[in-house]
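# Structural overview for review
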Amino acid sequence: MHVVPAPDALLEALDPEQRAAVEAVSGPVCILAGAGTGKTRTITHRAAYAVATGAVAPSALLAVTFTARAAGEMRTRLRQLGVEGVQARTFHAAAMKQLGYFWPKAVGGAPPNLLTNKFQMVANAAARARLRPGTSEIRDLLSEVEWAASTLTAPEDYVARAAGRGLPFEAADVAAVYAAYRDLKTAQGLADFDDMLLYTAGILEEHQDVAAEFRDRYRSFVVDEYQDVTPLQQRLLDAWLGDRQDLCVVGDAQQTIYSFTGATPQYLLGFRRRFPQATEVRLVRDYRSTPQVVELANGVLSAVPEKLELHAQRPEGPAPRFEEHTDETAEADAVASRCRELIRSGVAAAEIAILYRINAQSAGYEAALTNAGVPYVVRGGERFFERPEVREAVLLLRGQARAGDADLPEALPDAVASVLAVRGWTAEPPASSGAVRERWESLAALHRLALDLSDMTLTEFVAELDERATAQHAPAAAGVTLASLHAAKGLEWDAVFLVGLVDGTLPLVHADTTEQVEEERRLLYVGVTRAREHLSLSWALARAPGGRQTRRPSRFLDGLVRGVVSKAPPPRAPRAARGSAPVTCRICAAVLNAAVDKKLGRCAGCPSDRDEALFEQLREWRADRARGLGQPAYCVFTDATLAAIAEQLPTDVAGLVSIPGIGQSKLDKFGDEVLALVSSRA
Ligand code: ATP
Ligand code: MG
């Protein structure tokens, strides 16, 4: 049995404005407020208060949130406030549940099955429309079909409505694909998520008996993140509501970040016009972030007219850190090691987030965190190893490794590059953006990993990839969150890293119009306002190590950057002496070509002069380290590398990195220990 909360106790946890919204238990309510001002907290308390005062039965309340996770969080918070039985769902989940119940009554039989592979269906539709799009174009076509559905645009109206959308397709072609998609779906008795919303709304609109039953059951509605509602979702909301007014919406127009999917803040901003008697509440006290974070958040929007300025409530905290790096690898490594420091200093890993603009950026951070031994979870977007292009590339690499001749004579990065080249990958990024670019980025990340692990053979590399792919599937409840800025909305962490903040990534290159650029600015605002205390903003001047440093920090940071820490080019290990002086045999002075020979520093046939005792010591040390890291031994160093160390007896960093394959990350992690072992033998 649960205890019904005391209404007064619920009110005491709120400030006067929040309280006003909570006390308006019925009737239209609109909360317009900036990030971290307690909108979500207010609607949770409002629901609990309505139940506690008996104004609404818990089962008559339907709360709609943006993601399944947010819905789950709201249920948890309500339970903590002593309220059970309130429905908190996403629009989609609510519609699915209702359709399952109402379809048999209204239409008869079972509702259509959910179309699970939209991508394939769009591909088939494109073929029917006599188009031959590539993988990335199919993805773009799919987004366009989704936009049309969200904005209630029928295939017949598409051409007229799509004017000015600046797409790389003929509008008539998209319309043809969209129509074929709809027909194929119907013919197979399938429905996608958007159809489910539309069907639910349609049944409520057309069947008075069903609508009456529904409206008897659900009496009060609340919508979080209302600034990002689509016309399709609004239509469903209207169907739920009928001519009633028990609706509470909360949102922040400055956090509108889903316009590209058809969402619009117009419903939020026009709420008062639609319900002139609505209780309207504005909140400005920021309870989430330190004054330092709040000041930066206000700064990001300083050029925006009519924004709501935030007022910090929390005690002082550290100043936001601005870091400039030479390249993306250095940036990711620095962020990973800073995460490690924070965790050591007592911040829980689950209270740290690394946020980026596009999902492809996760790869570099997944690798850097793995190297640093920091657990992580990827939120939203596909995990790196689950992306189709990565899976395909790993398959190809495995095939090549099995072919057996792959471990010699090419160095690993070259071997990987030639396999990726089979799939059309080149070292130079494509000029285009979007799906093509994301695909290129994924493969580039595999190549960068090969550069980092260049002391491995291809077989070992493939084993390493498998290892990493499975490690990711392991539940990592206590990991650092990797998420796109889009997936981060509504959430908060003690420490937030906003990474890759260069012009071209934020704003994204293809943000052409003023509206698109402004939406990108709001993404930065969403990012900044996720942080409670520690906030770090970073960018890299070049993409890859050694690349030309031609990028500039995001224009949204102009005038805001203070005390920037410019990371001097790190003492980067020279890469495997490629393109420079030839490597020669220590014993006979012949030029070495094979990777194994280069690693040994002598011809395989020349006599070895290695220090056997040191070799054994190194192996023991490696076993110990590998156990500690929970990784296979070869992830620390391969036998060939240990043998080379025991032969060449490097005495300093330069000596160590001259052993081909000892890259920067290994140097950082193990360099000192190895040098100490060698010098103790000497
Ligand atoms: P966003 O726009 O990012 O979704 P929000 O307006 O929904 O933010 P919440 O997540 O509800 O903000 O609140 C931000 C943080 O401030 C939470 O940790 C919440 O518990 C805390 N908070 C909100 N209001 C109060 C209050 N009156 N007293 C103390 N803490 C509060
Ligand atoms: Mg919120």
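Rules behind the numbers
- Residues numbered from 1 in each chain as written.
- Chains lettered and ligands numbered in written order.
- Predicted model: local features only at pLDDT ≥ 70, side-chain atom pairs only at ≥ 80, totals over all residues.
- Heavy atoms only, no water.
- Helix = DSSP H or I, 4+ residues; strand = E, 2+ residues; numbered from the N terminus.
- Rg over C-alpha atoms; globule rule 2.2 N^0.38 Å.
- Buried < 20%, exposed > 50% of the residue type's maximum accessible area, 1.4 Å probe, protein only.
- Contact = heavy atoms within 4.5 Å.
- Areas by Shrake-Rupley, 256 points an atom, 1.4 Å probe, with all protein chains shown as cover.
- Pairing = 2+ DSSP bridges.
- Axes fitted to C-alpha atoms, helices over the stretch in contact; angles between N-to-C directions.
- Domains from an automatic or database assignment.
- Buried area = accessible area lost by both parts, 1.4 Å probe.
- Salt bridge = Lys/Arg side-chain N within 4 Å of Asp/Glu carboxyl O.
- Nonpolar A, V, L, I, M, F, W, Y, C, P; charged D, E, K, R; others polar.
- Polar contact = N/O pair within 3.5 Å; in protein donor to acceptor, adjacent residues only side chain to side chain.
- Near = heavy atom within 4 Å.
- Parallel < 35°, antiparallel > 145°, perpendicular 65-115°, else oblique.
- Left-handed = near helix turned anticlockwise from the far one by under 90°.

## Quick notes on the overall build of the protein chain
Scanning the protein chain from N- to C-terminus turns up 28 helices and 17 strands. Relative to its length of 682 residues, the protein chain is compact, with a C-alpha radius of gyration of 29 Å against a globular reference of 26 Å. Seen through its principal axes, the protein chain has C-alpha atoms that stretch 90 × 60 × 50 Å. Counting the 682 residues in the protein chain, one finds 52% classified as buried. In the protein chain, 77% of the contacts between residues at least 6 apart in sequence involve partners at least 24 apart. Total accessible area computed for the protein chain in this model is approximately 29300 Å², and 52% of it derives from carbon and sulfur atoms.

## Here's the deal with the sheet that holds strand E2 (residues 61–64)
Pairing between the strands of a sheet is mediated by backbone hydrogen bonds and can be parallel or antiparallel. Judged by pairing direction, the sheet is parallel, and its 6 strands sit side by side in the order E3-E2-E6-E7-E1-E8 without closing on themselves. Each edge of the open sheet carries a strand with a single partner, namely strand E3 (87–89) and strand E8 (279–283). Neighbouring strand axes in the sheet, compared pairwise and without regard to direction, differ in orientation by 15 degrees on average. Pairing between strand E6 (residues 220–223) and strand E7 (residues 247–251): 3 bridges, direction parallel. Across the sheet, Val222 pairs through a bridge with Cys248, a residue of E7. Strand contacts of helix H3 (residues 39–52): strand E1 (29–33), E2, E6, E7 and E8, with the helix running at about 160 degrees to E7, the strand carrying the most contacts. Set on the sheet, helix H5 (residues 91–106) makes contact with E2, E3 and E6; between it and E3 the angle comes to about 120 degrees.

## Here we look at the domain arrangement of the protein chain
Segmentation of the protein chain into domains returns domain 1 (7–97 + 199–283), domain 2 (116–191), domain 3 (318–379 + 481–557), domain 4 (384–476) and domain 5 (595–681). Relative to domain 2, the C-alpha centre of domain 1 lies at a distance of 32 Å. On the domain 2 side, the residues contacting the 8 residues of domain 1 number 7 residues. Summed over both partners, the interface of domain 1 with domain 2 buries about 540 Å², with 67% contributed by carbon and sulfur atoms. Its largest share of buried area at the contact with domain 2, domain 1 owes to Pro231, Leu232 and Thr261, together 52% of the area lost on that side. For the pair domain 1 and domain 2, the number of links is 0 salt bridges. Residue classes in the side of domain 1 that touches domain 2 are distributed as 4 nonpolar, 3 polar and 1 charged.

## A short note on the side chain of Lys669
Structurally, the position occupied by Lys669 is in helix H28 (residues 664–681). In this structure Lys669 comes out as buried when scored by relative accessible area, which is 19%. A polar contact is formed between the side chain of Lys669 and the backbone oxygen of Asn371, at a distance of 3.1 Å. Not counting residues within four places of it along the chain, the set of residues in contact with Lys669 comprises Asn371 and Arg625.

## A look at the site of ligand 1
For ligand 1, the set of nearby residues contains 19 residues, the closest of which are Lys39, Thr40, Arg41, Glu492 and Arg530. With the chains in place, 85% of the 640 Å² that ligand 1 exposes on its own is no longer accessible. The greatest single-element share of the shell around ligand 1, amounting to 3 residues, is contributed by H3. Its residues assigned to classes, the shell around ligand 1 comprises 4 nonpolar, 8 polar and 7 charged. Here the shell around ligand 1 gathers at least three residues from each of two domains, domain 1 (7–97 + 199–283) and domain 3 (318–379 + 481–557).

## Description of unusual backbone geometry
For the peptide bond that leads from Leu506 to Pro507, omega is 0 degrees, which places it in the cis range. The backbone phi angle of Leu649 is positive, close to 45 degrees, even though this residue is not glycine. Along the polypeptide, Leu649 turns up in the loop between helix H26 (639–648) and helix H27 (653–657). Given the relative accessible area of 38%, Leu649 is considered partly exposed.

## Section: the environment of Leu449
Assignment of secondary structure puts Leu449 in helix H20 (residues 434–452). Note on Leu449: relative accessible area 7%, which makes it buried. Considering only alpha carbons, one finds Leu449 and Leu465, 16 residues apart in sequence, at a separation of 9.4 Å.

## Some points on the pairing of E2
Neither face of E2 is open: one carries Leu61 and Ala63, the other Leu62 and Val64, and all of them are buried. Pairing between E2 and E6: 4 bridges, direction parallel. Residue Ala63 lies in a different strand from E6, and its bridge partner there is Val222. Pairing of E2 with E3 involves 3 bridges; the strand directions are parallel. Paired with Val64 across the two strands is Arg89, which belongs to E3.

## Structural notes on the packing of helix H10 (residues 193–206) against helix H12 (residues 231–241)
It is the contact of H10 with H12, at a shortest axis distance of 9 Å, that shows an interaxial angle of 30 degrees. Between H10 and H12, the angle is such that the two are roughly parallel. You can see that H10 and H12 cross each other, and the crossing is left-handed. Together, Asp194, Leu197, Leu198, Thr200, Ala201, Leu204 and Glu205 of H10 and Leu232, Gln233, Arg235, Leu236, Ala239 and Trp240 of H12 make up the contact between the two elements. Of the residues contributing to the contact of H10 with H12, the split by class is 8 nonpolar, 2 polar and 3 charged.

## Points about the pattern of salt bridges
In total, this model carries 33 salt bridges according to the counting rule given. Of the charged contacts, one joins Arg532 and Glu351 as a salt bridge, the two residues approaching to 2.9 Å between their closest N and O atoms. Of this pair, Arg532 sits in strand E16 (residues 531–542) while Glu351 sits in the loop between helix H16 (328–344) and strand E12 (352–356), and the two are 181 residues apart along the sequence. Judged by relative accessible area, which is 18%, Arg532 ranks as buried. One salt bridge connects Asp494 with Arg532, and the closest N-O pair in it is separated by 2.7 Å. One end of the pair, Asp494, is in strand E15 (residues 493–498); the other, Arg532, is in strand E16, and 38 residues separate them in sequence. A single network of salt bridges, built from pairs that share partners, joins Arg288, Glu351, Glu492, Asp494 and Arg532.

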